[in-house]
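Examining the three-dimensional arrangement
Each chain, written out:
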Amino acid sequence: MKIGYPCVNESLDCTTTSTFRLASYSDERVELAVGNNLRCLLRILAWNVERQLLFFRIGSGVVPFGSHPINTFPWQTRFAAEFRQVGDFVKAHDMRISFHPDQFVVLNSPDAGIVERSVQELVYQGSMLDLMGLDSTHKLQIHVGGLYGDRDLAISRFIATYRQLPEAVRARLVIENDDRLFSLQDCLRVHQAVGIPILFDNFHHECLNHGEPMAEALRLAAATWHPARDGVMMMDYSSQAHGERKGKHTASMEEDLFRAFLPELGDLDVDIMLEIKDKEASAGRACGILRDVGRLAVSLPAAQ
DNA sequence: TTTTGTCAAGTCCAA
DNA sequence: TTGGACTTGACAAAA
């Protein structure tokens, strides 16, 4: 089991997603930003290793305009060594990486242009994993997409697009149950058609479900992961922010809820991403709880 | 130096 | 019809 948090480390004074406006695009600015972003990424990963946080979601903006036609700078070759260095670090410390392409990636859109731009974004993010030398256990996580008033059609469009994806993307792509549109059952339909693993989100499942108890839902999702190809199941963990709109993530982990959730896992091995606003603070507390209950090694990894 | 409006991209839903 | 929300603030013009 690995524990992680997404995209941002609030304890360090750097960002992995420094960028600039499209209107002020230049190759020089791309080169400067990518260099800074990759240096910061290594700092965060090193910080994480010291705290036994071995799962990390990298933000989509490491390469500014990474899938935009304006960006013709050869960042793949210019930063090959730096990406490789990140990948080597990840492998040396047995870490796991994911990406979560943002809401503009909609593979089931009826608009062919949107689908094409979405595929290009996935190609860009997958290529970063390729440059790092990381295999298909490191994932690209997206939602099924829009509903467009017809669930069956929306799902069948996703399936048709998925089948045409480049292999480098398809091997890494996983779908996440969302909190309003596509439930675990919808994701299972997609899985049954094309074999794509389901990244389970406990909070989204609480918001949208068909009555499956949490433990059963976890097992249904876990069964969609092929151990050799996909690795251990990934999941997102969060809980409701009190007094806020339904679906709003809590600002800080509620330890009682997290402790109550753990028995639902039974003997499942999972890597857990804490989608909680205070980032590494809650992830660190989760590690502490897991050591308490014996699900995480008590001793930190030996310094290297 | 600090504040504030805006930023590549899509979709849904509440107001 | 519009604004907010979504996995995540940060850039850059204006004050």
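The coordinates are above.
The structure reproduced in this document is the subject of the present report. All figures in this text were calculated on a predicted structure; none of them were measured in a lab.

Our next topic: the overall build of chain A. Counting secondary structure elements, chain A contains 12 helices and 8 strands. Expected size for 304 residues packed as a compact globule is a radius of gyration near 19 Å; at 19 Å, chain A falls within 12% of this value. With the principal axes as the frame, chain A shows a C-alpha extent of 50 × 50 × 40 Å. A burial count over chain A gives 53% of its 304 residues as buried. In chain A, once contacts between residues fewer than 6 apart in sequence are set aside, the share between residues at least 24 apart is 78%. Here chain A has roughly 13,200 Å² of accessible surface; of this, 54% comes from carbon and sulfur atoms. Looking at chain A, you have 31 positive and 40 negative side-chain charges, and the mean spots of the two groups are 2 Å apart.

What follows covers the environment of Cys-207. In this fold, Cys-207 is placed in helix 8 (residues 202-207). For Cys-207, a relative accessible area of 12% translates into the label buried. Put simply, Cys-207 and Ile-142 are 65 residues apart on the chain and 18 Å apart in space, counted from C-alpha to C-alpha. Once you skip the residues sitting within four places of it in the chain, Cys-207 turns out to touch Asp-179, Lys-246 and Gly-247.

By nearness alone, 19 residues border DNA strand C, and Arg-21, Arg-29, Asp-102, Gln-103 and Arg-245 come closest of all. In DNA strand C, atoms within 4 Å of the protein come from the sugar-phosphate backbone in 69% of cases. Within the side chain of Arg-21, one N or O atom sits 2.4 Å away from a base oxygen of DNA strand C. Contacts to DNA strand C include Ser-24, whose side-chain N or O atom sits 3.0 Å from a phosphate oxygen. Across the surface near DNA strand C, the residue classes break down as 2 nonpolar, 8 polar and 9 charged.

Next up on the list: the protein's contact with DNA strand B. Around DNA strand B, the structure places 19 residues, and the nearest of them are Arg-21, Leu-22, Ser-109, Leu-147 and Tyr-148. If you look at DNA strand B and keep only atoms within 4 Å of the protein, 49% of those are sugar or phosphate atoms. Within the side chain of Ser-109, one N or O atom sits 3.0 Å away from a phosphate oxygen of DNA strand B. Split by residue class, the surface near DNA strand B holds 8 nonpolar, 6 polar and 5 charged.

What follows covers the state of the cysteines. Within this structure, the stated rule accounts for 1 disulfide. Shown here is the disulfide that connects Cys-14 with Cys-40, its sulfur atoms set 2.1 Å apart. What sets the handedness of the Cys-14 and Cys-40 disulfide is the S-S torsion sign, and at about 75 degrees it is right-handed. One end of the pair, Cys-14, is in the loop between strand 1 (3-6) and helix 1 (27-50); the other, Cys-40, is in helix 1, with 26 residues separating them in the sequence. This cysteine, Cys-187, is not joined by any disulfide, and Cys-207 carries the nearest cysteine sulfur, 14 Å off. On the accessibility criterion, Cys-187 (0% relative accessible area) is buried. Free of any disulfide, Cys-287 has its nearest neighbouring cysteine sulfur in Cys-7, separated by 18 Å.

Next up on the list: the side chain of Asp-178. Positionally, Asp-178 belongs in the loop between strand 5 (173-176) and helix 7 (184-194). For Asp-178, the side chain forms a polar contact with the main-chain nitrogen of Arg-180, separated by 2.9 Å. A polar contact of 2.6 Å, which involves the side chain of Asp-178, links it to the backbone nitrogen of Leu-181. Excluding residues within four positions of it along the chain, Asp-178 makes contact with His-143, His-204 and Leu-208.

What counts, and at which threshold
Residues numbered from 1 in each chain as written. Chains lettered and ligands numbered in written order. Predicted model: local features only at pLDDT ≥ 70, side-chain atom pairs only at ≥ 80, totals over all residues. Heavy atoms only, no water. Helix = DSSP H or I, 4+ residues; strand = E, 2+ residues; numbered from the N terminus. Rg over C-alpha atoms; globule rule 2.2 N^0.38 Å. Buried < 20%, exposed > 50% of the residue type's maximum accessible area, 1.4 Å probe, protein only. Contact = heavy atoms within 4.5 Å. Areas by Shrake-Rupley, 256 points an atom, 1.4 Å probe, with all protein chains shown as cover. Lys, Arg positive; Asp, Glu negative; His and termini not counted. Charge placed at Lys NZ, Arg CZ, Asp CG, Glu CD. Near = heavy atom within 4 Å. Polar contact = N/O pair within 3.5 Å; in protein donor to acceptor, adjacent residues only side chain to side chain. Nonpolar A, V, L, I, M, F, W, Y, C, P; charged D, E, K, R; others polar. Disulfide = S-S within 2.5 Å.

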